[in-house]
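Architecture and fold: a report
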Amino acid sequence: MLRDTGEERLKEGVVIKKEAAKVKERLEGARNIAVLTGAGVSAESGVPTFRGEGGLWKNFRAEELATPEAFKKDPALVWEFYDFRRQTLSRIRPNPAHYALARLSERFENFTVITQNVDGLHTLAGSKTVLELHGNIWRVRCLECGGVSENRVVPINTPPRCNCGGLLRPDVVWFGEALPEETFQKALRAAEKCEIMLVVGTSGVVQPAMSLAVAAKSNGAFLVEINPDPGLLSHIMDVVIPAGAGKTLPELL
Ligand code: BV8
Ligand code: ZN
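Quick caveat, the model's predicted, so the values are computed rather than measured.

Some details on the packing of aromatic side chains
For the structure shown, the criterion picks out 7 aromatic pairs. Ring plane angle 40° and centroid distance 5.2 Å describe the contact between Phe-71 and Trp-174, whose orientation is recorded as tilted. Taken as a pair, Phe-71 in helix α3 (residues 68-73) and Trp-174 in the loop between β8 (168-172) and α7 (181-193) lie far apart in primary sequence, 103 residues in all. For the pair shown, Phe-71 and Trp-174 are each scored as buried. For the pair Tyr-82 and Trp-174, a centre-to-centre distance of 6.2 Å together with 50° between the ring planes defines the contact as tilted. Remark: Trp-174 occurs in the loop between β8 and α7 and Tyr-82 occurs in helix α4 (residues 75-90); sequence separation between them is 92 residues. Look at Trp-174 and you get buried, because its relative accessible area is 3%. Here a set of aromatic residues connected by ring pairs shows up, and it is made of Trp-57, Phe-60, Phe-71, Phe-81, Tyr-82, Phe-84 and Trp-174. Seen from the ring of Trp-138, Arg-152 lies directly overhead, with NZ or CZ sitting 4.3 Å from the centre. Between the NZ or CZ atom of Arg-169 and the centre of the ring of Trp-174, over which it lies, the distance is 3.8 Å.

Written as structure tokens, this is what we have:
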């Protein structure tokens, strides 16, 4: 990694401005925008990404704990993991990336934020149309009666129980679980209809979320990736801005 000299920062700034100008030009005449975000859009709020450093907890990877099998085997351990993340999140605010998307959305007829994140930060920053493909860490669901409720208690005494006595689980989509059908269909329609899709802060690893970028592309959308590191889908992008979302998205305003 090159030393991050002022020279490097200056060069990065020039690249962001040049590429952002191209995107702004495209945004001018557009009516339908879709934004597909991942953990990277919350990175500058201090939320550790899944596959970056800090993505580990007690030497477990998220993929090992974010599964129905892990919960069945040891609900208390999985709840300790989610409680840890909720405690971190309870001290965290949206960052300029979230706020820029909320403000940008006011300029378009249709502006849909499709997020893989479960942190609720897009909604907190004021985004109106947010499709949470993987659920929300602040909601819980009862394994017995299926009741879903908002639960912002931190720390939570693990594993929490429903009034009916049933075990409560985080209302998020675990690996191996189907995404909420209605939400995914809405996301697919937004992806197929958009003239421009911004793909922000995702490594492009997780399916079927990332198939939405391919759906947008195959319907003629102009694809823009905002991410300091290239991801699995960088090769289908029309523009790649190799920088952080918190710096780049306000440039598009
Ligand atoms: C399903 C909720 C079937 C939980 C999450 C093999 C090949 C392909 C697919 C599979 C396979 N084996 C299994 C699968 C399927 C699996 C999958 O995709 N696995 C991956 C790991 C290979 N998918 C599933 O299991 C899905 N379900 O397929 O079900 C089915 C169908 C019908 C009926 C029954 C069953 C469910 C997937 C949902 C899993 N749940 N989250 C929780 O959060 O606890 S996914 C989890 O990963 C998070 O939601 C996260 O958002 C998401 C994706 O990761 P990223 O967001 O991309 O984060 P990552 O750390 O990877 O990258 C961060 C990026 O940010 C980096 O690129 C970095 O450069 C960038 N960045 C850093 N800083 C910044 C930045 N960018 C901008 N600015 C910055 N400042
Ligand atoms: Zn219940």
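Here the narrative resumes.
What to know about α7
The end-to-end C-alpha distance of α7, which contains 13 residues, comes to 18 Å, matching closely the 18 Å that a straight helix rising 1.5 Å per residue would cover. Burial in α7 covers these residues: Thr-183, Phe-184, Ala-187, Ala-190 and Ala-191. Along α7, the residues classed as buried sweep out an arc of 125° about the axis, all on the same side. Seen from the open side of α7, the exposed residues pointing more than 90 degrees away from its buried face are Glu-181, Glu-182, Arg-189 and Lys-193. Tucked into the core, α7 has its buried residues touching β1 (32-37), β4 (110-115), β5 (130-132), β9 (196-200) and α8 (211-218).

Some points on the coordination of the zinc ion (ligand 2)
At this site the zinc ion (ligand 2) is bound by Cys-142 (SG), Cys-145 (SG), Cys-162 (SG) and Cys-164 (SG), with donor distances of 2.2 to 2.4 Å. Between the 4 donor atoms coordinating the zinc ion (ligand 2), the angles at the centre fall across 102 to 121°, so the site counts as tetrahedral. In the primary structure, the donors to the zinc ion (ligand 2) are separated according to the pattern C-x2-C-x16-C-x1-C. Placement of Cys-142 in strand β6 (residues 135-142) and of Cys-162 in the loop between β7 (148-150) and β8 is noted, with a sequence separation of 20 residues between them.

Observations regarding the site of ligand 1
Residues in contact with ligand 1 amount to 35 residues; listed here are only the nearest, Arg-51, Tyr-82, Arg-85, Gln-116 and Ser-203. Separating an oxygen atom of ligand 1 from a backbone N or O atom of Ala-39 is a distance of 2.7 Å. The protein chains hide 72% of the 1,500 Å² of surface that ligand 1 would expose on its own. Class assignment of the residues belonging to the shell around ligand 1 gives a composition of 16 nonpolar, 13 polar and 6 charged.

The rules behind the values
- Residues numbered from 1 in each chain as written.
- Chains lettered and ligands numbered in written order.
- Predicted model: local features only at pLDDT ≥ 70, side-chain atom pairs only at ≥ 80, totals over all residues.
- Heavy atoms only, no water.
- Phe/Tyr/Trp six-rings, centres within 6.5 Å; stacked < 30°, edge-to-face > 60°.
- Helix = DSSP H or I, 4+ residues; strand = E, 2+ residues; numbered from the N terminus.
- Buried < 20%, exposed > 50% of the residue type's maximum accessible area, 1.4 Å probe, protein only.
- Lys NZ or Arg CZ within 6 Å of the ring centre and 35° of its normal.
- Expected span 1.5 Å × (residues − 1).
- Arc of directions from axis to C-beta.
- Contact = heavy atoms within 4.5 Å.
- Donors = N, O, S within 2.8 Å, 3.2 Å for Na, K, Ca; no water.
- Tetrahedral: all angles 85-135°; square planar, octahedral: opposite > 155°, others 65-115°.
- Near = heavy atom within 4 Å.
- Polar contact = N/O pair within 3.5 Å; in protein donor to acceptor, adjacent residues only side chain to side chain.
- Areas by Shrake-Rupley, 256 points an atom, 1.4 Å probe, with all protein chains shown as cover.
- Nonpolar A, V, L, I, M, F, W, Y, C, P; charged D, E, K, R; others polar.

Function cannot be inferred from these measures alone, as they are strictly geometric.
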